[in-house]
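Listed below, chain by chain, are the residues.
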Amino acid sequence: GAGVSQTPSNKVTEKGKYVELRCDPISGHTALYWYRQSLGQGPEFLIYFQGTGAADDSGLPNDRFFAVRPEGSVSTLKIQRTERGDSAVYLCASSPTGYDEQYFGPGTRLTVT
Amino acid sequence: AQRVTQPEKLLSVFKGAPVELKCNYSYSGSPELFWYVQYSRQRLQLLLRHISRESIKGFTADLNKGETSFHLKKPFAQEEDSAMYYCALSGFEGAQKLVFGQGTRLTINP
């Protein structure tokens, strides 16, 4: 079946702009995760959804970052007033229940100029 | 605090030689440990997890709680093993958000 998909694959934006990154999880997976991977580093946890609710948002770096999952499927990561330090690959993962293997998407490469 | 350390950013071995990728962790409870792999132009995928005790693609990893290590080993490296390898941990207390190490790039020379 189809894996986790993320759009866009690449996003270039100017400092100060607003961006939205989309994640389509595997159908039926209740758990959805966002990670951020900076150059030369491993992925860093941002937020975890169980169904429609954010069960753990402890990894969001500040209030410019926000994520939603209104119908318990697709999720959108929103970044306001982007800064050059936000440049990274944003990864989405889903798992059947939250206690299973996480399946990763291909990522969105965000570049803030 | 949860932390995963992979001391080698780069590791290069010859085909047929043994491979060991090091991973050390710090965690106050009982963690679950994983190895993830990313082949060139592919997405991150699970290689193995310590609770399953499986050998995947000839790789094994043993959790050593005394040394807080979870090193990945393979007795005879193959060229297709060249990839980026990440060690990760999660806690049993909650849902499995993952804490990753910085990764080791493994290159197998012919």
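*Asks:* Quick one: what's the story with the interface of chain B and chain A, residue by residue and with numbers?
*Replies:* With 15 residues of chain B at the interface, the matching set in chain A holds 21 residues. Carbon and sulfur atoms make up 51% of the surface buried where chain B meets chain A, a total of about 1500 Å² over both sides. Scanning the region where chain B abuts chain A turns up one salt bridge. When the shortest N-O distance is used, the salt bridge between Lys97 of chain B and Asp56 of chain A registers 3.2 Å. Residues belonging to the side of chain B that touches chain A are distributed by class as follows: seven nonpolar, four polar and four charged.

*Asks:* Tell me about the sheet that holds strand S3 (residues 19-21) of chain B, and please be specific about residues and values.
*Replies:* Residues and elements named next belong to chain B. With antiparallel pairing, the three strands of this open sheet are ordered in space as S3-S8-S7. Strands at the two margins of the open sheet, each flanked by one partner only, are S3 and strand S7 (60-61). In the sheet, S7 pairs with strand S8 (residues 72-74) via two bridges, with the strands oriented antiparallel. The residue of S8 that forms the bridge with Ala61 is Leu72.

*Asks:* Give me the sheet that holds strand S8 (residues 75-79) of chain A: which residues, what numbers.
*Replies:* Residue and element names in this part refer to chain A. Pairing within the open sheet is antiparallel, and its four strands lie in the order S1-S3-S8-S7. Here the strands that pair on one side only, and so sit at the sheet edges, are strand S1 (5-7) and strand S7 (65-68). Across this sheet, the average inter-strand angle for adjacent strands is 15°, counted without regard to direction. Where strand S3 (residues 19-24) meets S8, five bridges bridge the pair, whose relative direction is antiparallel. Bridge pairing in S8 places Glu20 opposite Lys78.

Rules behind the numbers
All residue numbers refer to position in the chain's written sequence, counted from 1. Chains and ligands are labelled sequentially in the order written, the chains with letters from A and the ligands with numbers from 1. pLDDT decides what is reported in this predicted model: residues at 70 or higher carry local features, side-chain atom pairs at 80 or more are listed and counted, and totals for whole chains, interfaces and linings draw on all residues regardless. Only heavy atoms go into the side-chain values, all of them from the structure, while hydrogens and water stay out. Contact criterion: two residues are considered in contact whenever any of their non-hydrogen atoms come within 4.5 Å of each other. When two parts are brought into contact, each loses some accessible area as probed by a 1.4 Å sphere; the total of that loss over both is the buried area. Any Lys or Arg side-chain nitrogen found within 4 Å of a carboxyl oxygen on Asp or Glu counts as a salt bridge. Charged means Asp, Glu, Lys or Arg here, nonpolar means Ala, Val, Leu, Ile, Met, Phe, Trp, Tyr, Cys or Pro, and polar covers whatever is left, Gly included. Note: two strands are recorded as paired if DSSP finds a minimum of 2 bridges between them. Comment: elements are numbered from the N terminus, with helices defined as DSSP H or I runs of at least four residues and strands as E runs of at least two. An axis is simply a line fitted to the C-alpha atoms; with a helix, the fit covers only the stretch in contact. Between two such axes, the angle follows the N-to-C directions and lies from 0 to 180 degrees.

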